[in-house]
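Here are the chains, one letter per residue:
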Amino acid sequence: SGNYSNATGSVTITVFGGYVQAITLTNGTVEIRCTGSPGAHYHVEWTTSMTEPVVWTRLTVDNPLLAGPDGLSEFIDENPPQAAAIIYRLVQSDE
């Protein structure tokens, strides 16, 4: 029989990268609320199919989102693509 000991402690989990928290469609405009690392820059991208090869289109080419001190940011897509399904994602920028 071996020697066993117990230990207690805490673990801090930090999420790097971001994710889309909520999407709202109102009068043809899509509002995307995002959560990420405070102060980080993110790009919003969309696709209409997850079938390989998946082609993502960047909506924030010249103006990435900046996550606030609470990690929250918002993007308004005033001209969303006309498709049966639209998939959005958030990608951390190198900026």
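Preceding this section is the structure that the text describes.
Figured I'd write up the structure that's included with this text. Quantities reported herein were computed from a predicted structural model and do not represent experimental measurements. (Residues numbered from 1 in each chain as written. Predicted model: local features only at pLDDT ≥ 70, side-chain atom pairs only at ≥ 80, totals over all residues. Heavy atoms only, no water.)

Glancing now at the pattern of salt bridges. Using the criterion set out here, one finds two salt bridges in the structure. A salt bridge links Arg-58 to Glu-45; its shortest N-O distance comes to 2.9 Å. Taken as a pair, Arg-58 in strand 4 (residues 57-58) and Glu-45 in strand 3 (residues 41-47) lie far apart in primary sequence, 13 residues in all. Assessed through its relative accessible area of 7%, Glu-45 is described here as buried. A salt bridge links Glu-45 to Arg-89, with the nearest nitrogen and oxygen atoms 2.7 Å apart. In this pair, Glu-45 is assigned in strand 3 and Arg-89 in strand 7 (residues 87-92), connecting sequence segments 44 residues apart. It is possible to trace a salt-bridge network through shared partners that takes in Glu-45, Arg-58 and Arg-89. (Salt bridge = Lys/Arg side-chain N within 4 Å of Asp/Glu carboxyl O. Helix = DSSP H or I, 4+ residues; strand = E, 2+ residues; numbered from the N terminus. Buried < 20%, exposed > 50% of the residue type's maximum accessible area, 1.4 Å probe, protein only.)

Once that is clear, we can look at unusual backbone geometry. Note: most peptide bonds trans; most residues except glycine with negative phi. Here the residue pair Glu-52 and Pro-53 is connected by a cis peptide bond, since its omega of -5 degrees sits within 30 degrees of zero. With respect to the secondary-structure elements, Pro-53 resides in the loop between strand 3 and strand 4. Notably, Asn-27 is not glycine yet its phi reads approximately 50 degrees, a positive angle. Mapping Asn-27 onto the fold places it in the loop between strand 1 (19-26) and strand 2 (29-35).

Geometric values such as these leave the question of function open.
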